[in-house]
Amino acid sequence: MRPLLILFFALLACTARAASPQLLLDVARFHNEDMAVKGAIVEIYATVPGQSLTYMRRAPKAFQAAAVVTLEVLKADGKPAYQETITLKPPVLSDTSIALKNPVSFQKRIALPDGQYTLRGKVRDQYRAGQETTVEVPLVLEAGAKKASLSDIVLLSRPAAKSPAQNSFARGGYNLVRTPGGLYARGTSQIFFYTELYQAPQGQPLSVRYKLASEEGAAAEAEVQLDQAAAGRPTPVVGELPLGPLPSGKYTFTMEVRDSKKQLIATQTTHLQRDMEEYAPSGASSN
């Protein structure tokens, strides 16, 4: 029995244990550029924080974790409209005592017809049996009237960068690094965002007003002029808003687009969290 005990304790020594795996699901809905299709393009952004995973020793001074993530979009009747399982592996660590372990993310872009759905995500720690977490998010898709409107707002951890890349992390000619769960932690001084304006009126200047407000009354706002709206196709809207001295808490971020007469023509909202105590990496790595 002694050799088995030695092997058992050796395995314990080289394995860094963690709590139950966590899963963050962010969803953004965009118009389908095929105007004949009544539906939307849905971007699913799944993030697994590194701190919630078990790191296994793979070689001397080389530890790595692995998360098995299953994503499903279920129709109202419970039947799957989309399903995929992927294994995500964060960067290798030389020392598991490091307090900050990078998250790892996966993004999927799918086209879905109008309807009511449920987005379900499951994450399992590959190196820790019995550790699984399930997250569900309601998802409603409905074709809007043929008037000006905004897509969902995508919160970013850094400015949207012009890029010719054609991949799931690029949109509207920009490379987008999302902020998982809408968290802006210690060390961040401003928020960045991306959205798309549809059916914008032509031949007139437009202004975009941003406002960040908490339930306690803390707020920040700004207004900028929008470049000439694209004719017949989505107009990317990118920007940033300084957080300044705003305290930790939950905030509602509102974007308004107004015409030359200052009339409101489109609006959209999202939510974010500001945390001055927690430190988080500036965006998850992709896998």
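Keep in mind the model is a prediction, meaning the values are calculated, not measured. (Residues numbered from 1 in each chain as written. Predicted model: local features only at pLDDT ≥ 70, side-chain atom pairs only at ≥ 80, totals over all residues. Heavy atoms only, no water.)

1. Some details on the confidence of the model for the protein chain
In low-pLDDT segments, the atomic positions of the prediction should not be examined closely.
Line of reasoning, step 1. Counting all residues, the mean pLDDT for the protein chain is 85, and 89% of those residues have values of 70 or more.
Line of reasoning, step 2. Helix α1 (residues 2–14) is the least confidently modelled element of the protein chain, averaging 36 in pLDDT, while strand β6 (residues 67–75) averages 97, the highest of any element.
Line of reasoning, step 3. Scored below 50 in pLDDT, residues 1–17 makes 14 contacts in the model with residues more than four places away or belonging to other chains.
Line of reasoning, step 4. pLDDT under 50 marks residues 282–287. Its contacts with residues more than four places away, or in other chains, come to 24 contacts. (pLDDT = per-residue confidence, 0-100. Helix = DSSP H or I, 4+ residues; strand = E, 2+ residues; numbered from the N terminus. Contact = heavy atoms within 4.5 Å.)

2. Regarding the environment of Pro245
Line of reasoning, step 1. On the secondary structure map, Pro245 appears in the loop between β20 (235–242) and β21 (249–258).
Line of reasoning, step 2. For the pair Pro245 and Ala220, spaced 25 residues apart in the sequence, the C-alpha separation amounts to 9.6 Å.

3. With respect to the nonpolar core
Line of reasoning, step 1. Among the nonpolar cores identified, the biggest contains 28 residues, and Ile44, Val48, Val69, Leu71, Val73 and Leu112 are the most heavily contacted of them.
Line of reasoning, step 2. Those elements that provide at least two residues to this core are β3 (39–48), β6, β7 (80–88), β8 (104–113), β9 (115–125) and β10 (132–141).
Line of reasoning, step 3. In contact with Val73, other than residues within four places in its own chain, are Ile44, Lys79, Pro80, Ala81, Tyr82, Ile110, Leu112, Tyr117, Thr118 and Leu119.
Line of reasoning, step 4. Ranked by size, the runner-up nonpolar core spans 27 residues in total, among them Leu150, Ala218, Tyr251 and Ala266. (Core = buried A, V, L, I, M, F, W, Y, C linked by side-chain atoms within 4.5 Å. Buried < 20%, exposed > 50% of the residue type's maximum accessible area, 1.4 Å probe, protein only.)

4. Observations regarding the pattern of salt bridges
Line of reasoning, step 1. Scanning all chains against the criterion turns up 11 salt bridges.
Line of reasoning, step 2. Residues Glu43 and Arg171 are paired through a salt bridge, measuring 3.4 Å at the closest nitrogen-oxygen approach. Taken together, the residues Glu43 in strand β3 and Arg171 in strand β14 (residues 170–171) connect sequence positions 128 residues apart.
Line of reasoning, step 3. Glu43 sits in the buried class, given a relative accessible area of 2%.
Line of reasoning, step 4. Salt bridges sharing partners connect three or more residues here, namely Glu43, Arg109, Arg171, Arg178 and Glu196. (Salt bridge = Lys/Arg side-chain N within 4 Å of Asp/Glu carboxyl O.)

5. Some points on the sheet that holds strand β13 (residues 161–162)
Line of reasoning, step 1. The 3 strands are arranged β13-β15-β14 in an open sheet whose pairing can be described as antiparallel. Only two strands of the sheet have a single neighbouring strand rather than two, namely β13 and β14. (Pairing = 2+ DSSP bridges.)

6. Concerning the sheet that holds β7
Line of reasoning, step 1. Strand order in the open sheet formed by 4 strands is β7-β6-β9-β10, and the pairing between neighbours is antiparallel. Two strands bound the open sheet, and with one partner strand each, they are β7 and β10. On average, each strand axis in the sheet is inclined to that of its neighbour by 15 degrees, with strand direction left out of account.
Line of reasoning, step 2. With 10 bridges connecting them, β9 and β10 associate as antiparallel partners. Bridged to Arg120 within β10 is Glu136. (Axes fitted to C-alpha atoms, helices over the stretch in contact; angles between N-to-C directions.)

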